[in-house]
Protein chains: 2
Amino acid sequence: MADDAHAGDGEFVSNDIARASSVRSRPLPLRDATVGQGFWGDEQELVRTQVLPFQWCALNDNVPGAAPSYCMHNFRAAAAQNRRRTAARSQGDRFVPPVYTDRGFNVLPDDPERPDPDRFYGFVFQDTDFSKWIEAVGYSLAHHPDAELEARADAAIDIVCAAQQENGYLDTYYILNGMDRHFTNLKDHHELYCMGHLIEGAVAYYEGTGKTRLLHAAQGFADYVASVFGTEPGRLRGYPGHEIAEMALVRLYEVTNERRYLDLAAYFVDERGRAPLYFEVEDRTRAKREGATYVPNDNQPMPYAYYQAHEPVVDQREAVGHAVRAGYLYSGVADVARLTENERLADTVRALWRNIVDRKLYVTGGVGATAFGEAYSYDYDLPNDLAYSETCAAIALVFFARRMLELEPKSEYADVMELALYNTVLAGMAMDGKSFFYVNPLEVRTEAVRSHDARFLHIKDVRQKWFGCACCPPNLARLVESVQEYAYTLADDGGTLFTHLYIDGMAVVHVLSKDEDDEDVALRLEVESGLPWNGHVRAVVHVDEGDGGADDYGDGHDGKISVPFIFAFRLPAWAGDQIEVAACTTVPAEAQGRVNRRVRDGYLYLAGTWRDGDVFEFDFPMPVMMLEANLRVSEDAGKVAFVRGPVVYCAEECDNGSRLHCLHVDAARVGERAENVTVEPFDFKAGAEALDGKGTGGVEPVSRCMVRLRVPAWRDEVRDAKPLYSRWHPPVRRRVEAVLIPYFAWANRGENEMRVFLDIS
Amino acid sequence: MADDAHAGDGEFVSNDIARASSVRSRPLPLRDATVGQGFWGDEQELVRTQVLPFQWCALNDNVPGAAPSYCMHNFRAAAAQNRRRTAARSQGDRFVPPVYTDRGFNVLPDDPERPDPDRFYGFVFQDTDFSKWIEAVGYSLAHHPDAELEARADAAIDIVCAAQQENGYLDTYYILNGMDRHFTNLKDHHELYCMGHLIEGAVAYYEGTGKTRLLHAAQGFADYVASVFGTEPGRLRGYPGHEIAEMALVRLYEVTNERRYLDLAAYFVDERGRAPLYFEVEDRTRAKREGATYVPNDNQPMPYAYYQAHEPVVDQREAVGHAVRAGYLYSGVADVARLTENERLADTVRALWRNIVDRKLYVTGGVGATAFGEAYSYDYDLPNDLAYSETCAAIALVFFARRMLELEPKSEYADVMELALYNTVLAGMAMDGKSFFYVNPLEVRTEAVRSHDARFLHIKDVRQKWFGCACCPPNLARLVESVQEYAYTLADDGGTLFTHLYIDGMAVVHVLSKDEDDEDVALRLEVESGLPWNGHVRAVVHVDEGDGGADDYGDGHDGKISVPFIFAFRLPAWAGDQIEVAACTTVPAEAQGRVNRRVRDGYLYLAGTWRDGDVFEFDFPMPVMMLEANLRVSEDAGKVAFVRGPVVYCAEECDNGSRLHCLHVDAARVGERAENVTVEPFDFKAGAEALDGKGTGGVEPVSRCMVRLRVPAWRDEVRDAKPLYSRWHPPVRRRVEAVLIPYFAWANRGENEMRVFLDIS
C-alpha cells in the first residue's frame, strides 16, 4: 500500500503524521475505554455473569465434582500462621513455624474430606488462581459497578494481605512449607510467577476501583524481590522459571512511576540465559544441600530452551520452549525495550515476532504446536490433529502483539492480535461460558480422541468444566474483560489515538490544553462496529469541554470548538491488499478541509482539527479468503482454509457428515477470489436445530447470530466393500456444499469431527 | 478366480484336490528346505557373515561403544552359583544363595568397569539374547556347516546348561536375584518369555545339529513350568506376560511328540484373560506381601489389552496391545487351534487376522501403528510419519501368517507374509548387515527427526548399530536364516507340497511307499526364482529313488518311475486379478496327460504322477500397481503408494530432492494401470553414485542389483518470498519424474527424507 498523502487545508502537515507513525504508545487508562453492546459486550457479559462467579467458587473449593483449588485455603492458612506469630511475639515468645518436607509440585490432602487447615495444597502456583480472578474483577468493576462483588473481592484481599510476610514475601507455598527454602528453585517453583500475577491483579484492581490495599501488598512483594535479586554482590542472580514478572513489573512501574520496578524487570530480562546459567547453578546447589548427585539436564541439545534460558535474551532470534512462558517473556522484553529505549532488545522482539508470524503461527492465531513441553515446535511444524495451541499461549501472543504495537504502530501486530483473539482465544470458551478448552486443535477425529492413544491424550472434542491446573479459563476471563485495552493505544505525546480493533464502545482522550490556564477538553470516540460479521464501522467524535471553556481551540463556522488531534485507524489486512483509502469517509471534516490523511504501516492517519459530531465511516471489504499455507508446512500441503474478516472458519461433522478428510474443496468452482462462496447469516441455535439425527448430542446450543459459509465442494463416496489397499481409481465423488462455521463456535453441538484445513482438489 | 478343473489323464481326481485344499500342513524339516543363491541367499549370507558374529560379541559384552548385554555374564554367574551349591553340598553344608532386593527391570552395575561376577545385570529378559542367537546358529548350521561356530555354540550351551536349577528352572534373573520371588510377576517379568525363546533356540539347534543337550535343558524348564501352572488345585493359574511360550511349546511338542507341552500351550491360551484376571490377582498379592497399597490399573478402558489379557482369548476379535506380543500370541493360538482341532480358536485367529489385514496393516506389511505401548492402534489409524511398525512386529506377523497357512492354505496369508518379509522385515536391516531399524516409518522428515520433539523420538532416519534392548536384530537374524521354513509346507497326509514363497533353492519331500517292503522315494523340487524383480519361476522335479528300488511306482514310457503327488503353488495377488492359469506350464507332464489342475483359495493345485525332469514354469505378471488406501484411512487420503510384485516402493530425498510433500504423482500420466511408469533395473551403488551433491552423506552404498521406478509426477515450486498464509493460487508446478526405490533399501545413503505414500494430483 503506497503511503499517500491526501492534500487538505488542515493545520497538520506530513511531518506531524510522520512523527505520529513512529511514536510509542500506551493503552488508554482502564476507565477511558469501554465496550458497548454487541459482540464483545456479549463476551464480557458471559465472563461477568458465568465465569467470575464460577471462578470464585473454584477458588474456595465450592464447585461440586471439581478438584478443589485450595487457593483461598492456602491464603487463610498463611494468615493464621501470621496471627500465631504475632500472638507469640506479644507474649515474648519466638514463633517457629512447622517445616514440612514433602513439598511436591502438586500436593493433595491424604483425606480430601479433611484437609489440614495449616497445610499447603495444590500446585506450587495455586496462589495465582486468586490473582487472575481479582484481575478480571478489577476490569469488570471499572465499567460495571457491583457492590456485592466488590465487597467479596475486598474480603478476599484482606485474607491475602493477612498472609503476607513482614518482609513483603507473599507465596503461600513457601510460607506454609518452610521459608528456609524460598527462592531455591526458581526454575520450577513459580514464586516469581506468583509475584507477577499478584502484581497484574493488584494493578487491575487498583485501576478498576482506586483501592490501594492489594497494590501496596504487591509492591511490598516486589520490593522484597528487588532487594534479593540483582547483580550486586551477595544477591541472587536468578530470574523467573515461568515468566510474567517482567511485564507485570513494568505495569507496576507505569502505575506507580517507581523506577525500581522497571529496573528489576530489565534485570530479569538482561540476566536470563547468561553464563553461568543460573538454573544449573541452582540445581547443583540444591543437589549439594540435599546430598544428591547432580544430574546434568543434557538429554536435549537445548535443555533450557523450555524456559527461554538457553542463551541471553538479547541474542534470541527463534521462539522456543513453553509457548505461554515465551509469550510472557517476549511481552516483557518489548515493554523493557520500549521504556529503556533499548534498540537491541527491540530488534530481539522484532526478530522473535517475525519467527513466530512467518514460521510458527497457526492460521487460527494459535501458537505452541507441540504438546511436548506445551511448546513452540521447529519452524513450519504446524500439525493440525496433534496441535497443542494452548488457549493461554494465544492469550500470551495477544499480550505480545499489543506490546509490539506500543513499541511501533504497525498493523501487522494488530492483525495477528485480532486473529488470535477472535479465533483461538474465543474457541477456548464454550458459547455458554461454562466450559473451556486448554488445547485448540485444527483437526479433530472423534475416534482418535476416544482411542486413549497417548498421541491424542491432550486433544479433547468436548470442552471441560474446569481444570485442576486452571490457567486457561481465568486467563481468558481477564483478557476478555479487558479487551478494550487492546483496541486503542494513545501516543506518548498524547496527540494520536490509535484504533487497532474495531469494537463497539467508546474511547476517551483527554487533550491537554496548550495554555496552562485553560481547561482540557476530552475527545470521545464513539464506535459502532459490524465486526466480525461485516466491515462497516462508524465512529463519532464528541468534544467534551471542561467547565472553564477552551479558549485556545479555534471556533468553527458553527461555533463549535475545533480540537487539533490525529486519529490513526488500522486498515485490516483481511480487507485485502487493495483497500481504498476511500473506504473511510470523514464528514464533515474533510469536506471542510480540516483533515490531512496519510497511510503508514497499515494505519490511516487522519490529522486534523476535530469538532463535535465529526463522523468517520469505514466500509472495509470483507471478502472470503481461501488461504493456503506456505509449501514448507508439510501438514497443510494440498489444503486450504477459509477466512472472512478476522474470523477463521471450520467444517464440523454435524454440518458436513463424518470423515471430513473425504470432503474436498472444489477450487475451480470456488474461484481464486472465493467469489462463489455463499456468505450466509444464521442463528447458531437455529442452524443446529436444522441438523439431522447426529445433531447436537444433547447439548443445547446457544442462540447467537453469526455468519456461515457455503463452499462448493466434493465428497468422496466411501465404498464399504473396498479392501484396505486397492488399485487406484479416479475417485467417485458427488458435488456437495461444505458448510463452514466460525472456528470459535466449534464443539458447541456435541462430540464432533472438525477441520480447519480442508483438502482441495 | 474361478476354481477351474482342467481335465487330464492323471490318476488324481478333483476330490483329491478338494481334500488337499482343506488339509493342514507343516513346514518341511529344517534340512529338507534349502536356500540357494540369489536374493535370499544374499540375505542369509549377510546374516551369517555379519550379524551372527556381531551378535556373539554383543552377548559377551565385546562390542566397543555398545551397551553391554551381560547375557553370558549372567549365565556364568548362575553356573558359578550352582557350583558353589554343589561344593557346599559335597561338604554336607547347606548353600544359601544371596538374595538381592534391587530387582529392577533393567539393572546396570554401579561401576561399568567392574561388574560384580555374581550379580544379574541387564533387562529381565536378557537371557533371550542367547536364545535368539543359538536359534539363528541352529538354522545356519543346518545348511552351512561351520565347525568353529558349532564349537563356540556348544561351549555357550555348556554354560547355559550349567546355570539350570535342579528343578529345571532356567531364568538367570531370578536365579541370581533370589528364587523366593520367581513366578510372582508374570505380567512384567518375562520368565515364561525366556522359557519360550529358550525352547525355540533349543529346537532349532537340535534340528540344525542333531544335538540334544540344550533341547533337554529346555524340556526340563518346560516340565517344571508344566508342574507349576494349570487349573489343578494348588497350581498357579498364570500365563505369560509377554507371549511366545505358546508357540514355542507347540514346537517342542512337535519335535518331541510329548503331549504335555501341547497341553501346557493350550492351557496358557485358554486361561489368558479369564476372570478373575490373573495379572490383577498377582498385583494384589505382590502389593500385600510388600505391604504396599494396591493401585488398580484403571487409567484406560482396557488396561490389560496391552497384554492381550483384557478378555478370554477365544472371545477376542480385535488385534490390540503390544504388537509383538499380539503376533506371538496369535501364532500360538493358531498352532493350538490346528493341533487340538479347536474350531472356536480357529475362528478367533481368522477374525484377528481379518481385523489386522482389513484395518491395521501398513501397505509395507508393518503392524503396530502407535509408539505408545508399541501397539496396534484403533481401526484404520495408520499414521505414516509417526508409525511405530516395529521390525519385530512384522516378524511376528510372518509367524502368524505361516501358522494360518498351516491351518488352511489360503494365499492371502502368504501374500501378507511375503509383503511383511520383503518390506518391513528387510527394511529393519541395512544393506551391509551392520545396522538396524527398530521402527519403520512410512514417511520421514529429517527436520522432525532432528527436532527432539517427543512425538518423533522413536523415529530414526539412520539405522542404529545395536540396541540395549536388542530384540529386532537377532529376531531378524533368526527369521532370515530360516526363511525357507516359510516357503513351503507339507500337508499332514504327506501328499501335497505347498509352495508359498518363490525362493531360489530346494525342497525335499519323502514320499512314503504304499508297500511296507519298498523303499521310499524323495521328490526334490529345485526352484529358480526371479523374485522379487521378475515373476519368472522355474521348478524342476527330481525323483530320487531309495537303494532298494521303488516297485510300487509305475514306470513311464521312458522307464522313469512315476510318483503320484500334488504340488500346490501360490498364485500371488500382486500378479493381478486375472492371472491366467496359463501362467504355469508343466512339461512334459501335462502334455502326457499326467496332471490335473485346479485353482483353490489362490493356489494352483497340480495333481499328477511325477517323473524326474518334469518342469514347472511360471511367468507371473509383475505389473506396477498404484495403490490407494481405503478412504477410512484419513492419513492416506489423496495419496498413492507404488508396489511391484512383493516390493513396496518409496521416494527418497537423495533421488527426488527435499520436501517430498511437494512431489505429486501425476495420476493422469501414470494411467490407472500404471502403464506409464518406467521399470528400470539398476545397481544400487551406481544409482547412488549418480546422485548429486546431497548424495550419500559419507555412507558407502552396497552394490546390489535391483529395480527402481520412474513415475510421472509434478513438483511444486517453493516460492521463498511467500508468507506463512496467503490467498490460494493454482500451484506453480513443473513436470518431473519421481524416482522410487524399494522400501527395504531406504536409508542406505545417509540421512534422508522418505515417503511411501505420495500425494496425487
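Residues numbered from 1 in each chain as written. Chains lettered and ligands numbered in written order. Predicted model: local features only at pLDDT ≥ 70, side-chain atom pairs only at ≥ 80, totals over all residues. Heavy atoms only, no water.

Chain A has the name Glycoside hydrolase family 127 protein in an unreviewed UniProt entry, where Bifidobacterium bohemicum DSM 22767 is given as its organism.

Q: Please clarify how the overall build of chain A should be interpreted in this entry.
A: Each helix and strand in chain A was counted, giving 21 helices and 27 strands. Against the 2.2 N^0.38 benchmark of 27 Å for 761 residues, chain A shows a C-alpha radius of gyration of 27 Å, consistent with a compact globule. Seen through its principal axes, chain A has C-alpha atoms that stretch 85 × 80 × 50 Å. In chain A, buried positions account for 64% of the 761 residues. A separation threshold of at least 6 residues defines the contact pool for chain A, and within that pool the share at least 24 residues apart is 73%. For chain A, the accessible area works out to roughly 27100 Å², and carbon and sulfur atoms hold 48% of it. Both charge centroids of chain A, one from 80 positive and one from 118 negative side chains, sit 6 Å from each other. (Helix = DSSP H or I, 4+ residues; strand = E, 2+ residues; numbered from the N terminus. Rg over C-alpha atoms; globule rule 2.2 N^0.38 Å. Buried < 20%, exposed > 50% of the residue type's maximum accessible area, 1.4 Å probe, protein only. Contact = heavy atoms within 4.5 Å. Areas by Shrake-Rupley, 256 points an atom, 1.4 Å probe, with all protein chains shown as cover. Lys, Arg positive; Asp, Glu negative; His and termini not counted. Charge placed at Lys NZ, Arg CZ, Asp CG, Glu CD.)

Q: Looking at this structure, I do not really get the interface of chain B and chain A. What am I missing?
A: You'll often see interface size given as the accessible area lost when the parts meet. Across the boundary between the two partners, chain B contributes 67 residues, which contact 67 residues of chain A. Across the interface of chain B and chain A, roughly 5600 Å² is buried in total on both sides, 55% from carbon and sulfur atoms. Summed over the three residues of chain B that lose the most area to chain A, namely Tyr725(B), Arg727(B) and Trp728(B), the buried surface amounts to 16% of that side. There are four salt bridges connecting chain B and chain A. Ionic pairing is found between Glu628(B) and Lys722(A), a salt bridge with its closest N-O pair at 2.5 Å. Scanning the region where chain B abuts chain A turns up 27 residue pairs in polar contact (both at pLDDT 80 or more). At the level of secondary structure, the elements contributing two or more residues to the side of chain B that touches chain A comprise helix H13 (343-360), helix H16 (446-450), strand S18 (624-629), strand S24 (725-727) and strand S27 (758-760) of chain B. By residue number, the principal contributor to the side of chain B that touches chain A is S18(B), which donates six residues. Its residues placed into classes, the side of chain B that touches chain A shows 34 nonpolar, 10 polar and 23 charged. With three bridges connecting them, strand S24 (residues 725-727) of chain A and S18(B) associate as antiparallel partners. When the sheet's bridge partners are listed, Arg727(A) is paired in S18(B) with Leu627(B). (Buried area = accessible area lost by both parts, 1.4 Å probe. Salt bridge = Lys/Arg side-chain N within 4 Å of Asp/Glu carboxyl O. Polar contact = N/O pair within 3.5 Å; in protein donor to acceptor, adjacent residues only side chain to side chain. Nonpolar A, V, L, I, M, F, W, Y, C, P; charged D, E, K, R; others polar. Pairing = 2+ DSSP bridges.)

Q: Quick question: what am I supposed to make of the packing of aromatic side chains here?
A: The geometry of an aromatic ring pair comes down to the distance between the two centres and the angle between the two planes. Within this structure, the stated rule accounts for 98 aromatic pairs over all chains. Taking the centre distance of 6.4 Å and the plane angle of 85 degrees together, the rings of Phe125(A) and Tyr193(A) count as edge-to-face. Residue Phe125(A) is located in the loop between strand S4 (122-123) and helix H4 (128-143), and its partner Tyr193(A) is located in helix H7 (residues 191-209); the two are separated by 68 residues in the primary sequence. Assessed through its relative accessible area of 11%, Phe125(A) is described here as buried. Ring-pair connections join several aromatic residues into one group, and the members of that group are Tyr502(A), Phe565(A), Phe567(A), Phe569(A), Trp574(A), Trp610(A), Phe616(A), Phe618(A) and Phe620(A). Sitting over the face of the ring of Tyr486(B), Arg402(B) holds its NZ or CZ atom 4.6 Å from the ring centroid. (Phe/Tyr/Trp six-rings, centres within 6.5 Å; stacked < 30°, edge-to-face > 60°. Lys NZ or Arg CZ within 6 Å of the ring centre and 35° of its normal.)

Q: Please explain the domain arrangement of chain A as it appears in this structure.
A: Residue and element names in this part refer to chain A. Domains assigned within chain A are domain 1 (14-23 + 491-619), domain 2 (37-105 + 127-293), domain 3 (312-430) and domain 4 (624-760). Roughly 650 Å² is buried in total at the junction of domain 1 and domain 4, and carbon and sulfur atoms are behind 72% of that figure. When the buried surface of domain 1 facing domain 4 is broken down by residue, Pro-532, Trp-533 and Trp-574 rank first, second and third, together holding 90% of it. Our count for the domain 1 to domain 4 interface comes out at one residue pair in polar contact (both at pLDDT 80 or more). Residues belonging to the side of domain 1 that touches domain 4 are distributed by class as follows: five nonpolar, one polar and no charged. (Domains from an automatic or database assignment.)

Q: What is the right way to read the pattern of salt bridges from this model?
A: Close approach of charged atoms lets side chains of opposite charge pair. One pass over the full model with this rule turns up 136 salt bridges over all chains. When the shortest N-O distance is used, the salt bridge between Glu408(B) and Arg350(B) registers 2.8 Å. Residue Glu408(B) is found in the loop between helix H14 (391-407) and helix H15 (411-427), and its partner Arg350(B) is found in helix H13; the two are separated by 58 residues along the sequence. One network of salt bridges, with partners in common, ties together Arg26(A), Glu254(A), Asp335(A), Arg338(A), Arg402(A), Arg403(A) and Glu406(A).

Q: Can you help me understand the sheet that holds strand S11 (residues 521-529) of chain B in this one?
A: Within a beta sheet, neighbouring strands are joined by backbone hydrogen bonds and run either parallel or antiparallel to one another. Residues and elements named next belong to chain B. Spatially, S2-S10-S11-S12-S17-S14 is the arrangement adopted by the six strands of the open sheet, whose pairing is antiparallel. Lying at the two open borders of the sheet, with one neighbouring strand each, are strand S2 (33-35) and strand S14 (584-587). Across this sheet, the average inter-strand angle for adjacent strands is 15 degrees, counted without regard to direction. In the sheet, strand S12 (residues 536-544) pairs with strand S17 (residues 615-619) via five bridges, with the strands oriented antiparallel. Its bridge partner lying in S17, His-536 is registered against Asp-619. (Axes fitted to C-alpha atoms, helices over the stretch in contact; angles between N-to-C directions.)

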